[in-house]
Structures are given as C-alpha cells and as structure tokens.
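# Observations on the model geometry
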There are 2 protein chains.
Amino acid sequence: MVYQKVNVPRLADAIMEQLESQIIEGVLKPGARLPAERVLAEQLGVSRPSLREAIQKLVAKGRIISRQGGGNYVSDQLETAFSDPWEQLIRQNTALHGDVLEFRRAIEGVVASMAAERATDADLAHLKDLIGKLRRAYEGEDLAAQSAADVAFHQAVAEASHNVLFAHLVSSLLHMLHKNIEDNIANLFASGPVAGTLLEQHEAVWQAIENRDPVAARAASEAHIDFVAKTMAHFRDERERRDRAQRRLAGV
Amino acid sequence: MVYQKVNVPRLADAIMEQLESQIIEGVLKPGARLPAERVLAEQLGVSRPSLREAIQKLVAKGRIISRQGGGNYVSDQLETAFSDPWEQLIRQNTALHGDVLEFRRAIEGVVASMAAERATDADLAHLKDLIGKLRRAYEGEDLAAQSAADVAFHQAVAEASHNVLFAHLVSSLLHMLHKNIEDNIANLFASGPVAGTLLEQHEAVWQAIENRDPVAARAASEAHIDFVAKTMAHFRDERERRDRAQRRLAGV
DNA sequence: TTTGTAAATTGGTATTACCAATATTTGTTA
DNA sequence: TAACAAATATTGGTAATACCAATTTACAAA
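Bear in mind that the values here come from a model prediction, so they are computed numbers and not experimental data. (Residues numbered from 1 in each chain as written. Chains lettered and ligands numbered in written order. Predicted model: local features only at pLDDT ≥ 70, side-chain atom pairs only at ≥ 80, totals over all residues. Heavy atoms only, no water.)

## Quick notes on the layout of surface pockets
- In this structure, the second largest pocket spans a volume of roughly 600 Å³.
- In terms of lining residues, the second largest pocket is bounded by 27 residues, among which Arg10 of chain A together with Arg52, Ser66, Gln68 and Asn72 of chain B are the most central.
- At the level of secondary structure, the elements contributing two or more residues to the lining of the second largest pocket comprise helix H1 (11-25) and helix H3 (48-61) of chain A together with helix H2 (37-44), helix H3 (48-61), strand S1 (64-67) and strand S2 (71-74) of chain B.
- A per-class count over the lining of the second largest pocket returns nine nonpolar, eight polar and 10 charged. (1 Å grid on protein atoms, 1.4 Å probe; cavity = no way out; pocket = protein on both sides within 12 Å on 5 of 7 lines; lining within 4 Å. Points joined across faces, edges and corners; volume = space filled by probe spheres on them. Helix = DSSP H or I, 4+ residues; strand = E, 2+ residues; numbered from the N terminus. Nonpolar A, V, L, I, M, F, W, Y, C, P; charged D, E, K, R; others polar.)

## Focus on the pairing of S1 of chain B
All names here are of chain B.
- Of the two faces of S1, only one is covered, namely that formed by Ile64 and Ser66; the face formed by Ile65 and Arg67 stays uncovered.
- Strand direction decides the pairing type here: S1 and S2, joined by four bridges, are antiparallel. Of the residues in S2, the one forming a bridge with Ile65 is Tyr73. (Buried < 20%, exposed > 50% of the residue type's maximum accessible area, 1.4 Å probe, protein only. Pairing = 2+ DSSP bridges.)

## A look at helix H7 (residues 143-160) of chain A
- Taking 1.5 Å per residue, 18 residues should reach 26 Å; H7 of chain A reaches 26 Å between its end C-alpha atoms and fits that length.
- For H7 of chain A, the N-terminal cap is Asp142 of chain A; the gap from its side-chain oxygen to the backbone nitrogen of Ala144 of chain A is 3.1 Å. (Expected span 1.5 Å × (residues − 1). Polar contact = N/O pair within 3.5 Å; in protein donor to acceptor, adjacent residues only side chain to side chain.)

## Concerning the protein's contact with DNA strand D
- What surrounds DNA strand D is a group of 26 residues, the closest being Arg10, Leu11 and Arg67 of chain A together with Glu37 and Arg52 of chain B.
- In this structure, Arg10 of chain A approaches DNA strand D through a side-chain N or O atom, which is 2.4 Å from a phosphate oxygen.
- Between a phosphate oxygen of DNA strand D and a side-chain N or O atom of Arg52 of chain B, the distance comes to 2.7 Å.
- Elements supplying a minimum of two residues to the surface near DNA strand D: H1 and H3 of chain A together with H2, H3, S1 and S2 of chain B. (Near = heavy atom within 4 Å.)

## Side note on the domain arrangement of chain A
- Domains assigned within chain A are domain 1 (11-74) and domain 2 (78-250).
- Relative to domain 2 of chain A, the C-alpha centre of domain 1 of chain A lies at a distance of 40 Å. (Domains from an automatic or database assignment.)

## A closer look at the protein's contact with DNA strand C
- With respect to spatial proximity, 25 residues lie near DNA strand C, and among them Glu37 and Arg52 of chain A together with Arg10, Leu11 and Arg67 of chain B are the closest.
- Gly69 of chain A has a polar backbone atom sitting 3.2 Å from a sugar or linking oxygen of DNA strand C.
- The side chain of Gln68 of chain B places a nitrogen or oxygen atom 3.2 Å from a base nitrogen of DNA strand C.
- Residue assignment for the surface near DNA strand C shows that the elements contributing at least two residues are helix H2 (37-44), H3, strand S1 (64-67) and strand S2 (71-74) of chain A together with helix H1 (11-24) and H3 of chain B.
- The element contributing the most residues to the surface near DNA strand C is H3 of chain B, with three residues.
- Tallied by class, residues from the surface near DNA strand C come to five nonpolar, 10 polar and 10 charged.

See below:
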C-alpha cells in the first residue's frame, strides 16, 4: 500500500511563505528594506542560515534583491513571473540564445512549408490582410505596432499549418522573443533599410504560401530568421562597442 | 555620471548556475540523484551552507526536489513542462492525435538530420550501445523494456543534435506519448514482424547518422514515424471491429 | 561646507555540531 | 530459507558561531 506522502514542514519554506505573503499583501512594499538578517532571524525566532535559505529562494523567484553590505530589498517586481516553460528556460540562460535561433529557424521553416501545402482560401485572405497591416506598420514609426504585426503574421502562418501543436509552439516562442526584443533592442526594426528588408522577407513567405510552394516557403522563412539573427548579432556588437567607448570617455 | 553596475560574483549563484546548466544540458538527467551535500560541497570546494543556498534556489525554481534523509534529485520538470499544456488538450480531443503524430514526424526528422551533421564519436558510441539494447529488448517479451529502450534511443538522437531545446522538446513529447498511449496499445510492440520492422527502422536511422547523411537520417526517421502511425491506426481499427462484433453478439 | 577616514552595519562564506527522516544492514524469528 | 524487526549508517534540516567583504554612517579635519 502506498501511503500519501507525508507533508514534512520545512522551516525555510515556512519563512519564505510568510515573507512572500507579506510582500504580496503589501505589508512589505516594493523597494522597502527588510530588517537586517541577524535582527529578522531573531524576530522570527529562527537561525540566520535558515532565514538566509528562505531569502535565497525569494531571490531566485525575483521577489527580493540583496546587496552585500547594503541590505535586502523587496524587488520592484518588474519581472513578471514566467508561466511559460520556454520562457523560464531561456530568459536566464543566455548561453542558449544560439540554440533558440536555430530552433526557431527549423520550426518556422517546417511550419511555412506545411502552410503552403494546406492553407485554405480563408487562411490566404487572412495572411494577405496581415501583410497589409505589416506594410503600414513598417511605414510608420510605432514600434509596438510593428512588433504586434510581426507576431500576428508569424502566428497566422503557424495557424495555416493546421496543426495545433505547431501553432501553440510558435505562439509561445514568439511571445517570449518579442517580449525580449521590446526590452532590449527596441529600435532594431526602426531603421529604414532593415524595415524594408524585413517587409520583403515577410512578403516572400506570403507569396510562397500563396503559390502553394512548400520548398520556397521554407527557404523564405529560413532566410528571414537568418537575417533576424544576423541583425540582432550586429546590433549587439554595436551596443557593446558603444558601451566600451562610453566607459573609456568616463575614464573608468 | 552613471557608472556600470559592479558585478559582485556571488558564490551561491555561481554554484547554482553550474548545477543548472548541467541539468539543462542533460549531464544531470531527470530523476538522477545528486551526491550527498557534504560530498558535493567538498567536490566543488565550497562550504555546505553555500551549496545549500544554491540548492534551495534550484528547489525554488523547481529544478530540484530534495527529501530529508533521502537526497537531492533532479526534477522531471523539463520532461513534462513543455508537453503538459498539450496533454490535456489531446486527451479530450482524439481528433488531434493526427496532429501529434505529424508534429513528432517533423520534429524527429529535423532532429535526426541535425544529429547526422553533428554527432560526435561519443554520441555515435552511445547510439550504437542503445541500438544493442533495443535489439535485445525486441528479442525478449518485456514490453516495458522495449518501450524504455525505444524512448532512450530517440532521446539520444535528439541529444546528438546538440540543441538543448530540441532535446527537451523530444524528451517531453516522448514521455507524453508513452504515458498516454502505452496503456492502450502496448502490445503494438509485441508481435514478431512489427518488432522486426521497428528494429530495422531504428537501425536505418542509426546507420544514416553514423554515415553522416542528414537526408537519409531524416527520411529514415520520417519513415519510422509513418510506420508507427500506420500500425497504430491499424491496431485501433482492429480493436474497434472486435468491439463492434462483441456488442453485436451481446445483443446490444 | 566639503572631504576624507575610521567605525559600525550588513550581507557573504565557512566551520562545526546536532537533529530528524530515510535507507541499509543485520539479526532474529517463524 | 524467507520474512520481519531492530540497529546502524547515511543524508538532508536546523542551529550557533566566527570571520570576511562591501556598504553605509559618523565624525573629524581642511
């Protein structure tokens, strides 16, 4: 007979929950400073190592920020909790960025070719509509609109594949990536020539699907991702160079 | 002037990242047991409290499960998280079974071709070993062993792609499939000719990877999934026919 | 008032000891 | 011999303590 797992109360967990609920309920407001560990430990009637383990858990969750010699502070909660497992995996492991691009390239390539084989007239009309939105967005300067139109188009291609798993997967990936893009390299898409190239590439994908040419659709999709990867890498280098120059000027 | 934030290296963070990357890269597999804290602390050259803080962070992230007196284990979070959203959907909607197989076909095809391009000698040796295990399993009658060997082989191919996202996606998919489907049509593997064909197909995938032939690897992989799909459909029809006959005999 | 230095504060790391839950071994009994 | 139970060893959980390193604060000197 398998009995139910006994619920062993863990001290560090209890402390963590108590602190976390105080943060959530607003007793401890964002930016507030916690009492010193030695003091807080005594107030709670636990040892400092136990309290520290609880605090470390909250740091891992992003609820607390601690600075040596400074103190422990309730975080501003800028970071929303990652409910999506893909996001949770990738956000904090920058070493995986290369894998992510490769992954997206492969997935979107497959999805585009499937869409080319299966898109219904309704799908094609929807895609055409989204291409129009994309064109208007790139003509303007509204970054949020550009990003939204981009996500919508890729999402529509994925849905035209008529496979819910691919549609769901692409949706997860896109939302994660575009949240990242908006945070870090917002003006990547702003510059004219880049926007023009991106629009051409999206149109190439759309045309291939419209022509029901799976091979071309895959190729166009992969070329698009390759370009995005290259541009992002270029932008990252650029920013690093600028930062270095700035530090040099500051005499640091 | 705003100076760059000084990056104070935190020992517990460094330990956490090291352990986490080992988990993500598959060096530490789900269910694996970590060395005892005292031992691991000495191996890493850090104190036990520091190691514990790192472990607590990983527990908070859900990557590790620790049981007092039992040990610290790598959680199966990465095996389940990606497919969990799909699982419920698919259970209730049998019409999506086709999507799942198609998805798997596409993913495994891509993964096999990537493996053929990148597998190291160590990967090849591992695959060869698993092919041997698969052969022995198919010679026997132990369905659980057959299923386990099958999963292990496909997962090893995915790992040989050297892309952790694909590796985790495949792992997640396989676990979902073998949890939901195994019960119903476990004896798919039992019958002699089917087992023989399956073994041949696995060997074909392996050979293509060994020959570093991406195209053949993809083709072999897709042919394998197609056969599995066909056999499953056949078996399902067979069972339905039997059930109908039974109902007729029962006068319902 | 400003500035530089010393002191106090505070988080970070390490050592050690002991407790509690679990796993393993051993010995006894049927 | 097999099954069960007690003893033992292993392992994570908690605690106390000391010292280090970064930060903040206090205060004296310019």
